[in-house]
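Next come the chains, spelled out residue by residue.
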Amino acid sequence: MALRGRCPECGSAALLEDAHYAQQQLVCGACGCVLSEGLLTTTYSDEGQLREVAYSQSTGQKEQLKRCEQRGIRRVQDLCKVLRLPSVFEGTAVSYFQRALQHSSFHLGSLEKKELLVGCCVLATCRQHNWPLTLGTICSLLYAKQELVTSVYLSLQKELGISVPALSLSDLVKTHLNSFRLFQPTEDIPVTFVEDKETLLARTMQVVELASETWLVTGRHPVPIVTAAAFLSWQSLQPAARLSCTFTQFCRAAGVDLPPPARLRLKELCDILLRMAAELAWLRVLNLDKKTVVKHIGDLLRHRIFLLKNAFCEAEEEEQAGAARGGDSSSDPRAEPDEIRPAEGQQEAESSRRALLPPCLLRPRKRLRTAALSASDAALTGDEPISDAEIEQYLRDPEEVREFRKAKVWQ
C-alpha cells in the first residue's frame, strides 16, 4: 500500500508497507531503503506520523479490555435469555454492565465480583421495569451466596446512581407462585393436588393482603408469609381432599423449600382467621379450630373489612374499659387480692380479644443487658454541687437567671 511522503535517499514517493516476518517495515519501492521498522504497538492516529507509543496506550490493551467486556456482555445476554426477558431489558442491562466496568471499583475488582456484576445489572434492569425477579433467583442462577450478591448490587446502585424501586408484595407473590409445580398433573403429584394457577394466585393475594392489614408482614421476610398464605389458599379451594395434607407435604409437592419461620407465620394467620370467624354468627356456633377454619376462608375474605373492624376495634374498647376498672379497684385499699385478679378463663378470653398491634409489641423480645457502670459513674447520686461555670448551662428561664443574680449579690 502506497503512503504519502518521500524517501530521504532517492526522493521517490513510492513508499510501501512490507511485513517482514511479524514486524511491519516501511520500505522505499524505488531504492529499497528501509525507512522505519518495529512499529508493533501504534494507535490509529499515530500510524500516519509513524510514532511509537507505550503499550498502555496501544490497541493491544484496548483489544484485551474489549475481549473482557465482550465476554461479560455475552454473559448478560445469556442470562436474559434464560430468564426470557424482553429485548429492551437486554439493552439496558448491557449498558449498565459497560458503565460499571469502566468504574474503578469494578474494573479493578476480582473475577468473582465481575461475574456477580452481570446478575446485578440484570436484576436492576428488571426492578426498574417492574419485572418480578427476586434476588434469590439471581443467586441460584449464579451459584453465589446472597450476602455477596447483595453487596455488589448495593455498590452498583451507589456508584452508578441507579434508582431502583423496591419489589412490591403482589409482584413477589406472582414470582413465588410461578415456581410451584401444582398447576400441571404429573406422576409425582396426585390429581387432587393440582390447582388452577389464576385461582390460587387470586386467593393467595387476598390472604397476603389480610396479613399486611394485620401487621404480620411488617418487619418480616416476605417469602415465609407468601408460602404460608399459599398453603392456606390451596387447602381452602378443595378442603375435603386437602385438609389432611401437611405443610411439609405441600412444599414437597410444590417443589419449593419450607422456610423455618413459615410455620410460625401459618400459626399467626390461623389465629387471625379464628378471631374473624368469631364475629360471624353462623361460624361462632361451629367451634372452629385451626384446621376447620380453613373451610371458611372464602367467607372470611369476602367480609374482611367488616370482620377486622369488629374483631379488633371492640378489643381495644374492652382493654380501655378494663384499664379504667383496674385503676378504680387499685385505688380501693380494702379490695381483696382475689377480687382484683381476674379468673384464668377470663384471662384467656381477654387475651383472645387483644387489640390489633404489631407482633413486636404483643411479644416483645427480651431487652439486652446493659453494660455495668464504672466506679466513677456508680458513685454519682445527683446531689453533687454544681460549679458556677456549669450552672449557666442549666438556666433556661429568664426568671431563673434573675433569681440567680440576686442570690450572688446577697452572697
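Coordinates for the structure precede this section.
Here is a short report on the structure shown in this document. (Residues numbered from 1 in each chain as written. Predicted model: local features only at pLDDT ≥ 70, side-chain atom pairs only at ≥ 80, totals over all residues. Heavy atoms only, no water.)

## Description of the overall build of the chain
Which entries qualify depends on this criterion: Secondary structure elements follow DSSP: runs of H or I no shorter than four residues count as helices, runs of E no shorter than two count as strands, and numbering proceeds from the N terminus. Between buried and exposed lies partly exposed: a residue is buried under 20% and exposed over 50% of the maximum accessible area for its type, with that area taken using a 1.4 Å probe on protein chains only. The contact criterion used throughout is that any non-hydrogen atoms of two residues lie within 4.5 Å. Every accessible area reported is derived by Shrake-Rupley at a probe size of 1.4 Å, with residue values counting cover from the shown protein chains alone.
Along its length, the chain carries 21 helices and 4 strands. For the chain, the proportion of its 411 residues judged to be buried stands at 34%. Restricting to contacts in the chain with at least 6 residues of sequence separation, those with at least 24 account for 56%. When the accessible surface of the chain is summed, it comes to about 26,800 Å², and 53% of that surface belongs to carbon and sulfur atoms.

## Quick look at the layout of surface pockets
Keep this limit in mind: Definitions used for this entry: grid spacing 1 Å over protein atoms alone; cavity, a set of points where a 1.4 Å probe fits but cannot get out; pocket, an open set with protein on both sides within 12 Å along at least 5 of 7 lines; lining residue, one with an atom within 4 Å of a point. Grid points are joined across faces, edges and corners, and a volume is the space filled by probe spheres set on the points.
There is about 1,100 Å³ of room inside the largest pocket. As for the largest pocket, its lining consists of 31 residues, and the residues nearest its centre are Thr134, Gly136, Thr137, Leu172 and Thr175. Contributions of two or more residues to the lining of the largest pocket are made by helix 5 (135-142), helix 7 (169-178) and helix 9 (222-237).

## Quick word on the packing of helix 8 (residues 197-213) against helix 9
We count it as follows: Only the stretch in contact is used when fitting a helix axis, every axis being a line fitted to C-alpha atoms; angles between N-to-C directions are given from 0 to 180 degrees. In what follows, roughly perpendicular refers to angles from 65 to 115 degrees, roughly parallel to angles under 35, roughly antiparallel to angles over 145, and oblique to any angle outside these ranges. Left-handed is the label given to a crossing in which the near helix is rotated counterclockwise from the far helix by less than a right angle, and right-handed is the label when the rotation is clockwise.
At their nearest, the axes of helix 8 and helix 9 sit 8 Å apart, and the two run at 125° to each other. With respect to helix 9, the axis of helix 8 lies oblique. Helix-helix and strand crossings are classified by hand; for helix 8 and helix 9 the assignment is right-handed. Contacts between helix 8 and helix 9 involve Thr199, Leu200, Arg203, Thr204, Val207, Val208 and Ala211 from the former and Ile225, Val226, Ala229, Ala230, Ser233, Trp234, Ser236 and Leu237 from the latter.

## Digging into the nonpolar core
Counted only if it meets this: Nonpolar core, defined: a set of buried Ala, Val, Leu, Ile, Met, Phe, Trp, Tyr and Cys residues in which side-chain atoms within 4.5 Å join the residues together.
In this structure, Phe180, Phe250 and Leu300 are the most contacted members of the largest nonpolar core, which totals 52 residues. For this core, the elements supplying multiple residues, two or more each, are helix 7, helix 8, helix 9, helix 11 (247-254), helix 12 (262-277), helix 14 (297-302) and helix 15 (304-331). Leave out the neighbours within four places in its chain, and Leu300 touches Leu273, Met276, Ala277, Leu280, Leu283, Val293 and Leu307. Membership of the second largest hydrophobic core comes to 35 residues, among which are Leu83, Val94, Leu142 and Ile162.

## Looking at the side chain of Glu268
For clarity, the cut-off: Polar contact is the term for a pair of N or O atoms within 3.5 Å; when the atoms are in protein, one must be able to donate a hydrogen and the other to accept it, and sequence-neighboring residues count only if both atoms are side-chain atoms.
Along the chain, Glu268 falls in helix 12. At 3.1 Å, the side chain of Glu268 and the side chain of Arg220 are in polar contact. At a separation of 3.1 Å, a polar atom in the side chain of Glu268 contacts the side chain of Arg265.

## What to know about the environment of Val122
Examined against the element boundaries, Val122 turns out to sit in helix 4 (residues 111-128). Val122 sits in the buried class, given a relative accessible area of 1%. Spatially, the C-alpha atom of Val122 lies 9.5 Å from that of Leu85, the residues being 37 residues apart in sequence. Not counting the four nearest positions on each side in its chain, Val122 is found in contact with Val76, Leu79, Cys80, Leu83, Leu85, Ala93 and Leu133.

## Brief notes about the environment of Arg265
With respect to the element layout, Arg265 can be found in helix 12. The class for Arg265 is buried, based on a relative accessible area of 9%. Through-space distance from the C-alpha of Arg265 to that of Leu216 is 7.7 Å; in sequence the pair is 49 residues apart. In contact with Arg265, not counting residues within four places along its chain, are Arg220, Pro224, Ile225 and Ala228.

## Observations regarding helix 6 (residues 146-160)
Rules: Given the number of residues in a helix, its expected span is that number minus one, multiplied by 1.5 Å.
Over its 15 residues, helix 6 runs 21 Å from end to end, which matches the ideal 21 Å to within 8%, given 1.5 Å per residue. For helix 6, the elements touching its buried residues are helix 2 (87-102), helix 3 (104-107), helix 4 and helix 5. The first or second residue beyond helix 6 is Gly161, which carries a positive phi of 65°.

## Concerning the packing of aromatic side chains
This is how the line gets drawn: Each Phe, Tyr or Trp ring, with Trp reduced to its six-membered ring, pairs with another whose centre is within 6.5 Å; inter-plane angles below 30 degrees give stacked pairs, above 60 give edge-to-face pairs, and intermediate values give tilted ones.
In the structure shown here, the tally under the stated rule is 7 aromatic pairs. Measuring from ring centre to ring centre gives 5.0 Å for Phe193 and Trp234, while their planes differ by 85°; the resulting arrangement is edge-to-face. In this pair, Phe193 is assigned in the loop between helix 7 and helix 8 and Trp234 in helix 9, connecting sequence segments 41 residues apart. Using a relative accessible area of 0% as the deciding quantity, one classes Trp234 as buried. Ring plane angle 40° and centroid distance 5.0 Å describe the contact between Trp234 and Phe250, whose orientation is recorded as tilted. Of the two residues, Trp234 sits in helix 9 while Phe250 sits in helix 11, which places them 16 residues apart along the sequence.

## Remarks on the pattern of salt bridges
Under the convention used in this document: The salt bridge definition used is simple: a Lys or Arg side-chain nitrogen within 4 Å of an Asp or Glu carboxyl oxygen.
Under the definition given, this model contains 8 salt bridges. The partner of Arg220 in a salt bridge is Glu268, and the shortest N-O contact between them spans 3.1 Å. Of the two residues, Arg220 is situated in the loop between helix 8 and helix 9 and Glu268 in helix 12; the sequence distance between them amounts to 48 residues. Relative accessible area serves as the criterion here: at 7%, Glu268 is assigned to the buried category. In this structure, Asp271 and Lys267 form a salt bridge, with 3.4 Å as the shortest nitrogen-oxygen distance. Taken together, the positions of Asp271 and Lys267, both in helix 12 and 4 residues apart, correspond to about one turn of that helix. Connected through salt bridges with shared partners, the residues Glu209, Glu213 and Arg304 form a single ionic network.

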